[in-house]
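Report on the structure
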2 protein chains.
Amino acid sequence: MAAMGEKFVVGLIQMRSTKDAAENLTRASERIREAARRGAQIVCTHELFCGEYFCRTEDAALFDLAEAIPGPLTEALSKVARENEVAIVASLFERRAAGIYHNTCAVIDADGSFLGKYRKMHIPDDPLYYEKFYFAPGDLGFPNFDTRYARIAVQICWDQWYPEGSRAVALGGAQVIFYPTSIGWHPKEKAESGRAQLDAWKTIQRGHAIANGVYVAVVNRVGFEGDPAHGDPGIEFWGNSFVADPFGQVMAEASTDAEQVLVVECDPAKSEDTRRNWPFFRDRRVDAYEPILNRWLGK
Amino acid sequence: MAAMGEKFVVGLIQMRSTKDAAENLTRASERIREAARRGAQIVCTHELFCGEYFCRTEDAALFDLAEAIPGPLTEALSKVARENEVAIVASLFERRAAGIYHNTCAVIDADGSFLGKYRKMHIPDDPLYYEKFYFAPGDLGFPNFDTRYARIAVQICWDQWYPEGSRAVALGGAQVIFYPTSIGWHPKEKAESGRAQLDAWKTIQRGHAIANGVYVAVVNRVGFEGDPAHGDPGIEFWGNSFVADPFGQVMAEASTDAEQVLVVECDPAKSEDTRRNWPFFRDRRVDAYEPILNRWLGK
């Protein structure tokens, strides 16, 4: 692990994905190389970047999209990592066993070695996001990964709405939390609540940075996926990938609709400084938080 | 308790406080009456409204400012509550026993009855906010209070930086969380980091609304307190009291420096709707949150 206090540089790959897995992998790899050329040391993809966001429908045939992790996909990415000396956080569809699949991130170090994986803990299920059909809830807890450049953690999409997950990885020493994401607007909702949805999404993740004095790096996909002419209303993924510093200030932000690679330097001294001046961790009431281990505190 | 689904109206009293406790109580009472005339049903003061924010220095003589709760102060406020049929959340300095003092909120119902109290759980201590000298940490957990108009909870100032507290009261059924506060700028920090501090403060509390699908009502004091000519640099309290809806959208907001009474209608149907459409509570991993009961997850 990097000595405490060394700066590190994150790269966020905001891109579209198509139905062609090989083509998505090729394009993502090109952008990872681009990010590395621009100085990035730890690069993150958006959620499930190897394909369209297929959870828009429930179709058992789509389990064919999953792969073992580690497996051929992580081997291909390991080569990119090694050749460019860049750690990679890659969001993939994991086949664990017949009937057991996960929404998983592989973490590959800058020498190409497989550091481990995180399995999405909070699984959503709402119209056009039918994830409970595809993904068993994660069972690896809230781990950290010591890459060559920094200690990092991952929270995947729906996880980003849960302060508990970000808190757990921050207490584990994460210097930056990556949030690979596929979130967008339902075409019929965008006019009425699109602005508020995007604002809530940014606000709660900036809140995780503030609560924990940690960098957050959010990577979302862009592009419209759907087929309105044939009954699939589709989703307009809203991009807006961003990095916030340990006080929640946005340091860099991508557009709503364009492919973009963000490269941002993070300084652990900023976490140290934030936590010294507003020392929230010191005063946590760890003796009194047990109520939050309940679903609900009533009947 | 009000039937689920009934609207209720909150009133936020943003004001200055002086060293004259009786005068502060009189002015606060006037404003509570004003809020009630404008329709408020549950009114909240700023933190420790009966005096200046005395924690700017450590002085054992200042324990004289504390009172028993319930006691003469809550009796005076009960009269205001009863006469105006308004529930009152009053932030007070509690003397519990010789050597045991708390930063406490009394909750008084609209018939004047004393519903209970909340003792600040997270106690800060940093330059000009020497609260650990004055206040023992709260030992009443994270309660809710069933007022005539709504089920409410209170988190006091520094508590507002802890997602755990807001989560606990939300799981207890709070329809609105009040945050009586005394926060401001150190004169020497304002130019460099004042904007970011205010922004972080608003963001994390809006985040609590979003994470929990609950109204948040934040009441801060205004005015400069200090004596720069005699070595007390003072604090410029930044006001900005606000109410955010269960999706984190700001519904009303006071200024940075003026006394102001905010009266805002809240609709429990909005919480119901928010939690139906983005049902975070359904997917919480209550089996996996135990790590956050630790101070730190390392050596």
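The rules behind each value
- Residues numbered from 1 in each chain as written.
- Chains lettered and ligands numbered in written order.
- Predicted model: local features only at pLDDT ≥ 70, side-chain atom pairs only at ≥ 80, totals over all residues.
- Heavy atoms only, no water.
- pLDDT = per-residue confidence, 0-100.
- Salt bridge = Lys/Arg side-chain N within 4 Å of Asp/Glu carboxyl O.
- Helix = DSSP H or I, 4+ residues; strand = E, 2+ residues; numbered from the N terminus.
- Buried < 20%, exposed > 50% of the residue type's maximum accessible area, 1.4 Å probe, protein only.
- Least-squares fit on C-alpha atoms with pLDDT ≥ 70 in both.
- Contact = heavy atoms within 4.5 Å.
- Buried area = accessible area lost by both parts, 1.4 Å probe.
- Polar contact = N/O pair within 3.5 Å; in protein donor to acceptor, adjacent residues only side chain to side chain.
- Nonpolar A, V, L, I, M, F, W, Y, C, P; charged D, E, K, R; others polar.
- Pairing = 2+ DSSP bridges.
- Expected span 1.5 Å × (residues − 1).
- Arc of directions from axis to C-beta.
- Core = buried A, V, L, I, M, F, W, Y, C linked by side-chain atoms within 4.5 Å.

**Overview of the confidence of the model for chain A**
In the predicted model, chain A carries a mean pLDDT of 96, and the fraction of residues at 70 or more is 99%. Listed scores for the predicted complex are pTM 0.97 and ipTM 0.97.

**As for the pattern of salt bridges**
Evaluation of the coordinates by the stated rule reveals 54 salt bridges over all chains. Two residues, Asp 199 of chain B and Arg 206 of chain A, come together in a salt bridge whose shortest N-O distance is 2.5 Å. One end of the pair, Asp 199 of chain B, is in helix H5 (residues 187-212); the other, Arg 206 of chain A, is in helix H5 (residues 190-212), on a second chain. A relative accessible area of 23% means that Asp 199 of chain B is categorised as partly exposed. According to the relative accessible area criterion, Arg 206 of chain A is buried, its value standing at 12%. Through salt bridges that share partners, Glu 52, Arg 56, Arg 221, Glu 225 and Asp 232 of chain A make up one connected network.

**Description of the relation of the copies chain A and chain B**
In screw terms, the move from chain A to chain B is a rotation of 180 degrees and a rise of 0.0 Å along the axis, fitting with an RMSD of 0.0 Å. The transformation just described matches what one would write down for a two-fold rotation axis. A symmetric contact is evident, with 100% of the interface residues of chain A recurring at the interface of chain B.

**Description of the interface of chain A and chain B**
At the junction of the two partners, chain A supplies 55 residues and chain B supplies 55 residues. A buried area of about 5,400 Å², summed over both sides, lies between chain A and chain B, and 62% of it is on carbon and sulfur atoms. Contact with chain B buries surface across chain A, with Ile 292, Leu 293 and Arg 295 of chain A losing the most and accounting together for 12% of the total. Our count for the contact surface shared by chain A and chain B stands at 8 salt bridges. Glu 164 of chain B is paired through a salt bridge with Arg 284 of chain A; the nearest N and O atoms lie 2.8 Å apart. On the surface where chain A and chain B come into contact, there are 38 residue pairs in polar contact (both at pLDDT 80 or more). Ranked by residues supplied to the side of chain A that touches chain B, first place goes to H5 of chain A with 11 residues. When grouped by side-chain class, the residues that make up the side of chain A that touches chain B number 32 nonpolar, 9 polar and 14 charged.

**Looking at the sheet that holds strand E9 (residues 184-185) of chain A**
Residues and elements named next belong to chain A. Spatial strand order, E9-E12-E11: 3 strands in an open sheet with antiparallel pairing. Because the sheet does not close on itself, it has two edges, and the strands there are E9 and strand E11 (222-227). Bridge count between E11 and strand E12 (residues 232-238): 5 bridges; the pairing is antiparallel. In the strand pairing of E12, Asp 227 is matched with Asp 232.

**Section: helix H2 (residues 72-84) of chain B**
What sets the pattern is the α-helix's 3.6 residues per turn: residues three or four places apart point alike. All names here are of chain B. Under the 1.5 Å per step criterion, the end-to-end length of H2 is 19 Å for 13 residues, consistent within 8% with the ideal 18 Å. Residues of H2 that are buried: Leu 73, Thr 74, Leu 77, Ser 78, Val 80 and Ala 81. Down the axis of H2, the buried set is contained in an arc of 165 degrees. They therefore lie on one face. The exposed set on the far side of H2, more than 90 degrees from its buried face, consists of Pro 72 and Glu 75. Contacts from the buried residues of H2 go to helix H1 (21-37), strand E3 (87-97), strand E4 (100-108) and strand E5 (114-119).

**Here we look at the nonpolar core**
Grouped together as the largest cluster of nonpolar side chains are 162 residues, with contacts concentrated most on Trp 161 of chain A together with Trp 161 of chain B. Those residues in contact with Trp 161 of chain B, other than ones at most four positions away along the chain, are Ile 210, Ala 211, Trp 278 and Phe 280 of chain A together with Ile 183, Ala 200, Trp 201 and Ile 204 of chain B.

**A closer look at the pairing of strand E4 (residues 100-108) of chain A**
Sheet faces and side chains relate simply in a regular strand, where the side chains alternate between the two faces. Residue and element names in this part refer to chain A. With respect to burial, E4 is a largely interior element, 8 of its 9 residues being buried. In terms of strand pairing, strand E3 (residues 87-97) meets E4 through 9 bridges, oriented antiparallel. Following the sheet pairing, Ile 88 is matched in E4 by Ile 108. Where E3 folds back onto E4 in an antiparallel hairpin, the turn is made up of 2 residues, including Gly 99, whose phi is positive at roughly 85 degrees. Looking at chain direction, E4 and strand E5 (residues 114-119) are connected through 5 bridges and run antiparallel. Each residue of the ladder has a partner; that of Ala 106, found in E5, is Lys 117. Taking the residues that link successive antiparallel strands as the turn, the E4-E5 hairpin has 5 residues, and the phi of Gly 112 there is positive, at about 90 degrees.

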